[in-house]
Amino acid sequence: MEKDNQGILWEVFIQVKAGRPFKHVGSLHAYDKEMAMQSARDLFTRRNEGNGIWIVKADDIISSQSVDDEAFFDPSNDKVYRHPTFYEVPDGVKHI
Amino acid sequence: MEDAKKLEAFQAKIDADIKIEPKDWMPEKYRQTLIRQISQHAHSEVIGMQPEGNWLTRAPSLRSKKILMAKIQDEAGHGLYLYCAAETLGVKREQFLEWLHEGKAKYSSVFNYPTLTWADIGAIGWLVDGAAIVNQVSLQGTSYGPYSRAMVKICMEESFHQRQGYEIMVTLANGTDEQKEMAQDALNRWWWPSIMMFGPHDADSAHSNQSLKWKIKRESNDELRQKFIDKTVEQGLHIGLTFPDPDLKWNEEKGHYDFGAIDWDEFWNVVKGYGAGNKKRLAHHKEAHEVGSWVREAAIAYANKKNNIQKSA
Ligand SMILES: [Fe+2]
Ligand SMILES: [Fe+2]
(Lines give C-alpha, C1' and ligand atoms only; values in the text may rest on other atoms or scores of the structure.)
(Ligands and ions follow the chains in the order given, each with its own letter.)
Protein backbone atom coordinates (compact mmCIF):
# COMPACT_ATOMS: atom_id res chain seq x y z
CA MET A 1 0.00 0.00 0.00
CA GLU A 2 1.05 3.61 -0.67
CA LYS A 3 2.50 5.38 2.31
CA ASP A 4 -0.20 7.41 4.04
CA ASN A 5 -0.09 11.11 3.25
CA GLN A 6 -2.19 13.48 5.34
CA GLY A 7 -1.28 16.56 3.35
CA ILE A 8 0.35 19.84 4.23
CA LEU A 9 0.05 21.66 7.58
CA TRP A 10 -1.53 25.13 7.34
CA GLU A 11 -2.03 27.81 10.00
CA VAL A 12 -5.37 29.59 10.06
CA PHE A 13 -6.10 33.18 11.10
CA ILE A 14 -9.58 34.62 11.51
CA GLN A 15 -10.85 38.17 11.54
CA VAL A 16 -13.86 38.41 13.83
CA LYS A 17 -15.22 41.46 12.04
CA ALA A 18 -14.10 44.23 9.73
CA GLY A 19 -11.47 46.46 11.28
CA ARG A 20 -10.19 43.86 13.74
CA PRO A 21 -6.81 42.14 13.44
CA PHE A 22 -6.57 38.59 12.15
CA LYS A 23 -5.94 36.19 15.01
CA HIS A 24 -4.46 32.70 14.95
CA VAL A 25 -7.17 30.12 15.66
CA GLY A 26 -5.43 26.83 14.91
CA SER A 27 -4.09 24.65 12.15
CA LEU A 28 -5.33 22.07 9.69
CA HIS A 29 -4.16 19.62 7.05
CA ALA A 30 -5.02 20.03 3.38
CA TYR A 31 -3.49 19.10 0.04
CA ASP A 32 -3.85 22.50 -1.65
CA LYS A 33 -4.97 26.09 -1.08
CA GLU A 34 -8.61 25.64 -2.09
CA MET A 35 -9.04 22.64 0.14
CA ALA A 36 -7.34 24.50 2.97
CA MET A 37 -9.82 27.36 2.60
CA GLN A 38 -12.86 25.10 2.49
CA SER A 39 -11.68 23.10 5.49
CA ALA A 40 -10.91 26.28 7.43
CA ARG A 41 -14.43 27.52 6.80
CA ASP A 42 -15.96 24.20 7.91
CA LEU A 43 -13.66 23.79 10.87
CA PHE A 44 -13.38 27.26 12.34
CA THR A 45 -16.42 29.31 11.27
CA ARG A 46 -19.50 27.17 11.87
CA ARG A 47 -20.83 29.61 14.47
CA ASN A 48 -20.17 33.07 13.03
CA GLU A 49 -16.67 33.14 14.47
CA GLY A 50 -15.58 35.54 11.76
CA ASN A 51 -15.91 36.82 8.24
CA GLY A 52 -12.30 36.86 7.14
CA ILE A 53 -9.82 33.98 6.86
CA TRP A 54 -6.08 34.01 6.21
CA ILE A 55 -4.22 30.77 5.68
CA VAL A 56 -0.46 30.29 5.59
CA LYS A 57 1.59 27.17 5.03
CA ALA A 58 3.11 26.37 8.43
CA ASP A 59 6.50 25.88 6.73
CA ASP A 60 6.41 29.43 5.38
CA ILE A 61 6.07 31.05 8.79
CA ILE A 62 9.19 32.68 10.16
CA SER A 63 9.11 32.62 13.94
CA SER A 64 11.41 33.62 16.77
CA GLN A 65 12.94 30.77 18.71
CA SER A 66 11.21 30.60 22.10
CA VAL A 67 10.65 32.55 25.27
CA ASP A 68 13.68 30.75 26.68
CA ASP A 69 15.77 32.69 24.20
CA GLU A 70 15.45 36.00 26.01
CA ALA A 71 18.54 37.57 24.49
CA PHE A 72 16.72 37.98 21.19
CA PHE A 73 14.35 40.51 22.71
CA ASP A 74 16.99 42.28 24.82
CA PRO A 75 17.22 45.36 22.57
CA SER A 76 13.70 46.34 23.63
CA ASN A 77 14.65 46.55 27.29
CA ASP A 78 17.36 49.20 27.09
CA LYS A 79 15.36 51.70 25.05
CA VAL A 80 12.97 53.02 27.65
CA TYR A 81 12.66 56.26 25.67
CA ARG A 82 10.26 54.38 23.38
CA HIS A 83 7.60 54.63 26.08
CA PRO A 84 5.64 57.83 26.74
CA THR A 85 6.18 57.48 30.48
CA PHE A 86 9.91 58.23 29.90
CA TYR A 87 9.20 61.91 29.22
CA GLU A 88 8.57 64.68 31.68
CA VAL A 89 5.69 66.99 30.98
CA PRO A 90 5.40 70.30 32.93
CA ASP A 91 2.51 70.41 35.41
CA GLY A 92 -0.69 71.80 33.95
CA VAL A 93 0.02 70.77 30.34
CA LYS A 94 -2.87 68.77 28.91
CA HIS A 95 -3.79 66.59 25.93
CA ILE A 96 -0.28 65.35 25.24
CA MET B 1 20.72 13.09 31.56
CA GLU B 2 18.69 16.24 31.38
CA ASP B 3 20.17 19.42 32.70
CA ALA B 4 19.03 19.89 36.31
CA LYS B 5 19.13 23.64 35.89
CA LYS B 6 16.85 23.53 32.86
CA LEU B 7 14.46 21.30 34.77
CA GLU B 8 14.42 23.75 37.64
CA ALA B 9 13.73 26.70 35.32
CA PHE B 10 11.01 24.67 33.63
CA GLN B 11 9.29 23.92 36.93
CA ALA B 12 9.57 27.59 37.91
CA LYS B 13 7.72 28.55 34.72
CA ILE B 14 5.03 25.98 35.44
CA ASP B 15 4.68 27.22 39.03
CA ALA B 16 4.32 30.79 37.76
CA ASP B 17 1.52 29.64 35.39
CA ILE B 18 3.53 30.49 32.29
CA LYS B 19 2.37 28.31 29.41
CA ILE B 20 4.87 26.10 27.63
CA GLU B 21 5.01 26.58 23.85
CA PRO B 22 6.22 24.09 21.22
CA LYS B 23 9.70 25.55 20.79
CA ASP B 24 10.39 25.93 24.53
CA TRP B 25 12.63 23.46 26.27
CA MET B 26 10.67 20.73 28.03
CA PRO B 27 11.60 17.51 29.83
CA GLU B 28 11.34 14.48 27.58
CA LYS B 29 8.81 12.91 29.94
CA TYR B 30 6.60 15.99 29.74
CA ARG B 31 6.67 15.75 25.95
CA GLN B 32 5.92 12.00 25.96
CA THR B 33 3.08 12.37 28.46
CA LEU B 34 1.48 15.07 26.33
CA ILE B 35 1.93 13.10 23.11
CA ARG B 36 0.16 10.18 24.74
CA GLN B 37 -2.58 12.21 26.41
CA ILE B 38 -3.44 14.60 23.57
CA SER B 39 -3.44 11.92 20.88
CA GLN B 40 -5.55 9.67 23.08
CA HIS B 41 -7.94 12.57 23.49
CA ALA B 42 -7.99 13.15 19.71
CA HIS B 43 -8.66 9.47 18.98
CA SER B 44 -11.52 9.54 21.49
CA GLU B 45 -13.22 12.42 19.71
CA VAL B 46 -12.93 10.62 16.38
CA ILE B 47 -13.87 7.10 17.52
CA GLY B 48 -16.66 8.66 19.59
CA MET B 49 -18.43 9.57 16.35
CA GLN B 50 -19.13 5.89 15.66
CA PRO B 51 -21.64 5.05 18.42
CA GLU B 52 -23.55 8.24 17.62
CA GLY B 53 -23.33 7.80 13.87
CA ASN B 54 -25.12 4.50 14.42
CA TRP B 55 -28.36 6.45 15.00
CA LEU B 56 -28.04 9.15 12.35
CA THR B 57 -30.28 7.45 9.82
CA ARG B 58 -32.81 6.43 12.48
CA ALA B 59 -33.11 9.66 14.46
CA PRO B 60 -36.83 10.08 15.17
CA SER B 61 -37.30 13.46 13.49
CA LEU B 62 -35.65 15.80 11.02
CA ARG B 63 -34.91 18.15 13.93
CA SER B 64 -33.10 15.46 15.92
CA LYS B 65 -31.26 14.28 12.82
CA LYS B 66 -29.94 17.78 12.12
CA ILE B 67 -28.89 18.25 15.74
CA LEU B 68 -27.11 14.89 15.90
CA MET B 69 -25.33 15.62 12.63
CA ALA B 70 -24.13 19.01 13.93
CA LYS B 71 -22.96 17.40 17.15
CA ILE B 72 -21.01 14.67 15.35
CA GLN B 73 -19.46 17.27 13.05
CA ASP B 74 -18.26 19.16 16.13
CA GLU B 75 -16.62 15.98 17.44
CA ALA B 76 -14.76 15.54 14.14
CA GLY B 77 -13.51 19.10 14.54
CA HIS B 78 -12.40 18.41 18.11
CA GLY B 79 -10.38 15.48 16.86
CA LEU B 80 -8.71 17.68 14.25
CA TYR B 81 -7.88 20.47 16.74
CA LEU B 82 -6.34 17.92 19.06
CA TYR B 83 -4.31 16.10 16.39
CA CYS B 84 -2.82 19.47 15.43
CA ALA B 85 -2.01 20.26 19.07
CA ALA B 86 -0.34 16.86 19.43
CA GLU B 87 1.62 17.36 16.22
CA THR B 88 3.31 20.44 17.66
CA LEU B 89 5.22 18.00 19.89
CA GLY B 90 7.06 16.62 16.89
CA VAL B 91 4.98 13.61 15.82
CA LYS B 92 3.30 13.52 12.43
CA ARG B 93 -0.42 12.95 11.81
CA GLU B 94 0.33 9.81 9.81
CA GLN B 95 2.13 8.37 12.82
CA PHE B 96 -0.77 9.00 15.19
CA LEU B 97 -3.15 7.18 12.85
CA GLU B 98 -0.72 4.31 12.50
CA TRP B 99 -0.42 3.94 16.27
CA LEU B 100 -4.21 3.91 16.55
CA HIS B 101 -4.57 1.25 13.88
CA GLU B 102 -1.82 -0.88 15.38
CA GLY B 103 -3.57 -0.75 18.73
CA LYS B 104 -0.62 1.06 20.30
CA ALA B 105 -2.65 4.19 21.05
CA LYS B 106 -5.72 4.15 23.25
CA TYR B 107 -8.97 6.06 23.16
CA SER B 108 -11.58 6.45 25.86
CA SER B 109 -13.02 2.99 26.45
CA VAL B 110 -16.51 4.43 26.94
CA PHE B 111 -16.85 4.51 23.15
CA ASN B 112 -16.56 0.75 22.95
CA TYR B 113 -20.09 0.31 24.31
CA PRO B 114 -22.89 -0.18 21.79
CA THR B 115 -25.78 2.27 21.31
CA LEU B 116 -28.79 -0.02 21.51
CA THR B 117 -31.68 2.45 21.53
CA TRP B 118 -32.37 6.10 20.72
CA ALA B 119 -32.22 6.81 24.46
CA ASP B 120 -28.51 5.92 24.32
CA ILE B 121 -27.95 9.01 22.19
CA GLY B 122 -29.59 11.01 24.97
CA ALA B 123 -27.49 9.31 27.63
CA ILE B 124 -24.27 9.84 25.68
CA GLY B 125 -24.85 13.57 25.25
CA TRP B 126 -25.99 14.02 28.82
CA LEU B 127 -23.50 11.72 30.61
CA VAL B 128 -20.54 11.06 28.32
CA ASP B 129 -20.29 14.61 26.99
CA GLY B 130 -21.16 15.82 30.50
CA ALA B 131 -18.18 13.95 31.93
CA ALA B 132 -15.97 15.06 29.05
CA ILE B 133 -16.95 18.67 29.69
CA VAL B 134 -15.97 18.50 33.37
CA ASN B 135 -12.60 17.14 32.30
CA GLN B 136 -12.13 19.61 29.46
CA VAL B 137 -13.10 22.69 31.44
CA SER B 138 -10.36 21.74 33.87
CA LEU B 139 -7.89 21.13 31.03
CA GLN B 140 -8.34 24.67 29.71
CA GLY B 141 -5.79 25.48 32.39
CA THR B 142 -3.27 22.86 31.24
CA SER B 143 0.32 24.09 31.06
CA TYR B 144 0.91 23.26 27.37
CA GLY B 145 -0.19 26.22 25.23
CA PRO B 146 -1.52 24.46 22.11
CA TYR B 147 -3.46 21.93 24.22
CA SER B 148 -4.92 24.67 26.37
CA ARG B 149 -6.02 26.71 23.35
CA ALA B 150 -7.65 23.66 21.78
CA MET B 151 -9.52 23.03 25.03
CA VAL B 152 -10.87 26.58 25.17
CA LYS B 153 -12.23 26.24 21.66
CA ILE B 154 -13.64 22.78 22.30
CA CYS B 155 -15.38 23.87 25.51
CA MET B 156 -17.12 26.67 23.64
CA GLU B 157 -18.49 24.15 21.14
CA GLU B 158 -19.37 21.50 23.72
CA SER B 159 -21.95 23.64 25.44
CA PHE B 160 -24.83 22.40 23.30
CA HIS B 161 -23.80 18.74 23.34
CA GLN B 162 -24.86 18.02 26.88
CA ARG B 163 -28.11 19.95 26.55
CA GLN B 164 -29.19 18.15 23.39
CA GLY B 165 -28.60 14.82 25.14
CA TYR B 166 -30.44 15.87 28.26
CA GLU B 167 -33.34 17.12 26.15
CA ILE B 168 -33.70 13.65 24.64
CA MET B 169 -33.77 12.18 28.15
CA VAL B 170 -36.37 14.72 29.32
CA THR B 171 -38.61 13.96 26.34
CA LEU B 172 -38.42 10.23 26.90
CA ALA B 173 -38.82 10.52 30.67
CA ASN B 174 -42.04 12.50 30.11
CA GLY B 175 -43.30 10.12 27.43
CA THR B 176 -45.10 6.78 27.50
CA ASP B 177 -44.18 4.07 30.03
CA GLU B 178 -42.18 2.35 27.35
CA GLN B 179 -40.23 5.53 26.54
CA LYS B 180 -39.56 6.20 30.20
CA GLU B 181 -38.29 2.68 30.59
CA MET B 182 -36.01 3.20 27.61
CA ALA B 183 -34.52 6.31 29.23
CA GLN B 184 -34.03 4.46 32.52
CA ASP B 185 -32.38 1.53 30.77
CA ALA B 186 -29.95 3.85 28.98
CA LEU B 187 -29.07 5.60 32.23
CA ASN B 188 -28.53 2.21 33.88
CA ARG B 189 -26.08 1.15 31.19
CA TRP B 190 -24.18 4.46 30.75
CA TRP B 191 -23.87 5.65 34.36
CA TRP B 192 -20.92 3.52 35.47
CA PRO B 193 -18.98 3.80 32.20
CA SER B 194 -19.32 7.60 32.43
CA ILE B 195 -17.98 7.61 35.97
CA MET B 196 -15.09 5.43 34.85
CA MET B 197 -14.17 7.95 32.14
CA PHE B 198 -12.24 9.88 34.80
CA GLY B 199 -9.83 6.97 35.10
CA PRO B 200 -8.50 5.05 38.11
CA HIS B 201 -8.65 6.35 41.66
CA ASP B 202 -5.87 8.81 42.52
CA ALA B 203 -4.11 6.22 44.69
CA ASP B 204 -3.88 3.80 41.73
CA SER B 205 -3.17 6.27 38.96
CA ALA B 206 0.31 5.74 37.57
CA HIS B 207 0.80 9.13 35.90
CA SER B 208 -1.28 11.41 38.05
CA ASN B 209 1.21 12.96 40.47
CA GLN B 210 3.78 14.05 37.94
CA SER B 211 1.02 15.33 35.65
CA LEU B 212 -0.38 17.48 38.43
CA LYS B 213 3.07 18.79 39.31
CA TRP B 214 3.65 19.77 35.68
CA LYS B 215 0.08 21.10 35.49
CA ILE B 216 -0.68 18.89 32.50
CA LYS B 217 -3.71 18.00 34.61
CA ARG B 218 -5.11 20.61 36.98
CA GLU B 219 -7.39 18.39 39.07
CA SER B 220 -7.09 14.75 40.02
CA ASN B 221 -9.28 11.94 38.64
CA ASP B 222 -11.21 11.63 41.88
CA GLU B 223 -11.82 15.37 42.20
CA LEU B 224 -13.17 15.58 38.67
CA ARG B 225 -15.31 12.47 39.12
CA GLN B 226 -16.87 13.91 42.27
CA LYS B 227 -17.63 17.17 40.48
CA PHE B 228 -19.40 15.29 37.71
CA ILE B 229 -21.46 13.16 40.08
CA ASP B 230 -22.50 16.15 42.20
CA LYS B 231 -23.68 18.04 39.12
CA THR B 232 -25.40 15.19 37.35
CA VAL B 233 -27.43 13.32 39.99
CA GLU B 234 -29.86 16.19 40.54
CA GLN B 235 -30.48 16.42 36.78
CA GLY B 236 -31.50 12.75 36.67
CA LEU B 237 -33.66 12.86 39.79
CA HIS B 238 -35.37 15.97 38.46
CA ILE B 239 -36.87 14.04 35.55
CA GLY B 240 -37.85 11.06 37.68
CA LEU B 241 -35.00 8.71 36.80
CA THR B 242 -33.00 6.65 39.29
CA PHE B 243 -29.32 5.78 39.36
CA PRO B 244 -28.02 2.19 39.33
CA ASP B 245 -26.08 2.66 42.57
CA PRO B 246 -27.73 1.82 45.92
CA ASP B 247 -24.92 3.64 47.76
CA LEU B 248 -25.48 6.93 45.96
CA LYS B 249 -26.51 9.35 48.72
CA TRP B 250 -26.12 13.04 49.47
CA ASN B 251 -23.60 13.50 52.27
CA GLU B 252 -24.62 16.64 54.11
CA GLU B 253 -21.39 16.81 56.09
CA LYS B 254 -19.07 16.59 53.08
CA GLY B 255 -21.34 18.57 50.80
CA HIS B 256 -20.90 15.86 48.17
CA TYR B 257 -22.58 12.70 46.98
CA ASP B 258 -21.27 9.41 48.33
CA PHE B 259 -21.22 6.65 45.74
CA GLY B 260 -20.60 2.92 45.58
CA ALA B 261 -17.46 0.99 44.66
CA ILE B 262 -16.48 1.02 41.00
CA ASP B 263 -16.04 -2.31 39.19
CA TRP B 264 -12.51 -1.77 37.93
CA ASP B 265 -12.16 -5.25 36.47
CA GLU B 266 -14.80 -4.29 33.95
CA PHE B 267 -12.96 -1.01 33.33
CA TRP B 268 -9.60 -2.63 32.69
CA ASN B 269 -11.13 -5.27 30.46
CA VAL B 270 -12.60 -2.58 28.27
CA VAL B 271 -9.42 -0.44 28.37
CA LYS B 272 -7.29 -3.41 27.35
CA GLY B 273 -9.53 -3.89 24.38
CA TYR B 274 -11.55 -6.95 25.39
CA GLY B 275 -14.71 -4.92 25.11
CA ALA B 276 -16.96 -6.26 22.40
CA GLY B 277 -16.89 -2.89 20.67
CA ASN B 278 -13.14 -2.31 20.56
CA LYS B 279 -12.42 -4.58 17.58
CA LYS B 280 -15.41 -3.24 15.73
CA ARG B 281 -14.49 0.42 16.30
CA LEU B 282 -10.92 -0.05 15.13
CA ALA B 283 -11.89 -2.17 12.14
CA HIS B 284 -14.40 0.47 11.10
CA HIS B 285 -11.85 3.27 11.42
CA LYS B 286 -9.25 1.33 9.44
CA GLU B 287 -11.74 0.50 6.73
CA ALA B 288 -12.87 4.12 6.37
CA HIS B 289 -9.22 5.14 6.19
CA GLU B 290 -8.35 2.58 3.53
CA VAL B 291 -11.49 3.01 1.48
CA GLY B 292 -10.84 6.75 1.50
CA SER B 293 -7.26 6.45 0.30
CA TRP B 294 -8.25 7.14 -3.32
CA VAL B 295 -9.53 10.56 -2.23
CA ARG B 296 -6.15 11.42 -0.74
CA GLU B 297 -4.34 10.12 -3.79
CA ALA B 298 -6.56 12.13 -6.13
CA ALA B 299 -6.15 15.28 -4.02
CA ILE B 300 -2.36 14.90 -4.10
CA ALA B 301 -2.35 14.28 -7.86
CA TYR B 302 -4.56 17.33 -8.41
CA ALA B 303 -2.36 19.54 -6.23
CA ASN B 304 0.79 18.35 -8.06
CA LYS B 305 -0.78 18.94 -11.45
CA LYS B 306 -1.76 22.48 -10.52
CA ASN B 307 1.72 23.19 -9.17
CA ASN B 308 3.27 22.03 -12.44
CA ILE B 309 0.95 24.21 -14.49
CA GLN B 310 1.85 27.21 -12.33
CA LYS B 311 5.57 26.51 -12.74
CA SER B 312 5.45 26.14 -16.51
CA ALA B 313 3.21 29.18 -17.02
FE1 LIG C 1 -15.82 16.64 21.80
FE1 LIG D 1 -19.06 16.61 22.66
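Read on for a plain summary of the structure. (Residues numbered from 1 in each chain as written. Chains lettered and ligands numbered in written order. Predicted model: local features only at pLDDT ≥ 70, side-chain atom pairs only at ≥ 80, totals over all residues. Heavy atoms only, no water.)

Notes on the packing of aromatic side chains
Move 1: Applying the stated criterion to the full structure yields 18 aromatic pairs over all chains.
Move 2: An angle of 5° between the planes, with centres 3.9 Å apart, marks the rings of Phe22 of chain A and Trp54 of chain A as stacked. Taken as a pair, Phe22 of chain A in strand S2 (residues 22–30) and Trp54 of chain A in strand S3 (residues 52–57) lie far apart in primary sequence, 32 residues in all.
Move 3: With a centroid separation of 4.9 Å and an interplanar angle of 75°, the aromatic rings of Phe10 of chain B and Tyr30 of chain B are classed as edge-to-face. Taken together, the residues Phe10 of chain B in helix H1 (residues 4–15) and Tyr30 of chain B in helix H2 (residues 28–47) connect sequence positions 20 residues apart.
Move 4: Its relative accessible area of 3% is what places Phe10 of chain B among the buried residues.
Move 5: For Tyr30 of chain B, a relative accessible area of 0% corresponds to the buried category.
Move 6: Ring pairs connect the aromatic residues Trp126, Tyr166, Trp191, Phe198, Phe228 and Phe243 of chain B, which therefore count as one cluster.
Move 7: In this arrangement the basic side chain of Arg58 of chain B is found over the ring face of Trp55 of chain B, its NZ or CZ atom lying 4.0 Å from the centre. (Phe/Tyr/Trp six-rings, centres within 6.5 Å; stacked < 30°, edge-to-face > 60°. Helix = DSSP H or I, 4+ residues; strand = E, 2+ residues; numbered from the N terminus. Buried < 20%, exposed > 50% of the residue type's maximum accessible area, 1.4 Å probe, protein only. Lys NZ or Arg CZ within 6 Å of the ring centre and 35° of its normal.)

Things to note about a nonpolar patch on the surface
Residue and element names in this part refer to chain A.
Move 1: Residues Val80, Tyr81, Phe86 and Tyr87 make up a contiguous nonpolar surface patch of roughly 420 Å² in combined accessible area.
Move 2: Among the structural elements, Val80 can be located in the segment after S3.
Move 3: The exposure class of Val80 is partly exposed, given its relative accessible area of 45%. (Patch = residues over 30% accessible without salt bridge, like charges linked within 9 Å, V, L, I, M, F, W, Y side chains within 5 Å. Areas by Shrake-Rupley, 256 points an atom, 1.4 Å probe, with all protein chains shown as cover. Salt bridge = Lys/Arg side-chain N within 4 Å of Asp/Glu carboxyl O.)

Some details on the sheet that holds strand S1 (residues 8–15) of chain A
Residue and element names in this part refer to chain A.
Move 1: Read across the sheet, three strands follow the order S2-S1-S3 without closing on themselves; strand pairing throughout is antiparallel. Edge positions in the sheet fall to S2 and S3, since each of these pairs with one other strand and no more. Here the average twist between neighbouring strands, direction ignored, is 30°.
Move 2: Of the strand pairs in this sheet, S1 and S2 are connected by eight bridges, and their pairing is antiparallel. Residue Val12 lies in a different strand from S2, and its bridge partner there is Gly26. (Pairing = 2+ DSSP bridges. Axes fitted to C-alpha atoms, helices over the stretch in contact; angles between N-to-C directions.)

Focus: the interface of chain B and chain A
Move 1: Contacts between the two partners involve 27 residues from chain B and, on the opposite side, 26 residues from chain A.
Move 2: Between chain B and chain A, roughly 2,200 Å² of surface is buried when both sides are summed, and carbon and sulfur atoms account for 50% of that area.
Move 3: At the boundary of chain B and chain A, one finds six salt bridges.
Move 4: Counting the contacts that link chain B with chain A gives 12 residue pairs in polar contact (both at pLDDT 80 or more).
Move 5: Only helix H4 (62–87), helix H5 (93–101), helix H7 (145–173), helix H12 (276–291) and helix H13 (293–312) of chain B provide two or more residues apiece to the side of chain B that touches chain A. (Contact = heavy atoms within 4.5 Å. Buried area = accessible area lost by both parts, 1.4 Å probe. Polar contact = N/O pair within 3.5 Å; in protein donor to acceptor, adjacent residues only side chain to side chain.)

Regarding the coordination of the iron ion (ligand 2)
Residues and elements named next belong to chain B.
Move 1: All of the protein donors around the iron ion (ligand 2) are Glu75 (OE), Asp129 (OD), Glu158 (OE), Glu158 (OE) and His161 (ND1); their distances to the metal are 2.0 to 2.7 Å.
Move 2: Counting gaps between the donor residues of the iron ion (ligand 2) yields the pattern E-x53-D-x28-E-x2-H.
Move 3: Between the iron ion (ligand 2) and the iron ion (ligand 1), a spacing of 3.3 Å is present, and a bridge between the two is formed by Glu75. Of this pair, Glu158 and His161 are both found in helix H7, three residues apart, which corresponds to roughly one turn of the helix. No difference in accessibility class separates Glu158 from His161, as the two residues are buried. (Donors = N, O, S within 2.8 Å, 3.2 Å for Na, K, Ca; no water.)

Some thoughts on the coordination of the iron ion (ligand 1)
All names here are of chain B.
Move 1: The protein atoms donating to the iron ion (ligand 1) are Glu45 (OE), Glu75 (OE), His78 (ND1) and Glu158 (OE), with metal-donor distances spanning 2.1 to 2.4 Å.
Move 2: Metal-centred angles of 81 to 158° between the four donor atoms at the iron ion (ligand 1) mark the site as irregular.
Move 3: When its relative accessible area of 5% is taken as the criterion, Glu75 is described as buried. (Tetrahedral: all angles 85-135°; square planar, octahedral: opposite > 155°, others 65-115°.)

Describing unusual backbone geometry
Move 1: Positive phi is not limited to glycine here, since Asn48 of chain A has a value of about 55°.
Move 2: Secondary-structure assignment places Asn48 of chain A in the loop between helix H1 (33–44) and S3.
Move 3: Located in the positive-phi region is Lys215 of chain B, a residue other than glycine, with phi close to 60°.
Move 4: Note that Lys215 of chain B resides in the loop between helix H9 (208–213) and helix H10 (221–238).
Move 5: Under the relative-accessibility criterion, Lys215 of chain B is labelled buried at 15%.

Focus on the environment of Gly50 of chain A
Move 1: Take Gly50 of chain A: it is sitting in the loop between H1 and S3.
Move 2: Residue class for Gly50 of chain A comes out partly exposed when judged on its relative accessible area of 23%.

Thoughts on the packing of helix H6 (residues 118–139) of chain B against H7 of chain B
Residue and element names in this part refer to chain B.
Move 1: Close contact between H6 and H7 brings their axes to 7 Å; oriented N to C, the two are set at 150°. Taken as axis vectors, H6 and H7 run roughly antiparallel relative to one another. Between H6 and H7 the crossing geometry is left-handed.
Move 2: Split into classes, the residues belonging to the contact of H6 with H7 amount to 16 nonpolar, nine polar and two charged. (Parallel < 35°, antiparallel > 145°, perpendicular 65-115°, else oblique. Left-handed = near helix turned anticlockwise from the far one by under 90°. Nonpolar A, V, L, I, M, F, W, Y, C, P; charged D, E, K, R; others polar.)

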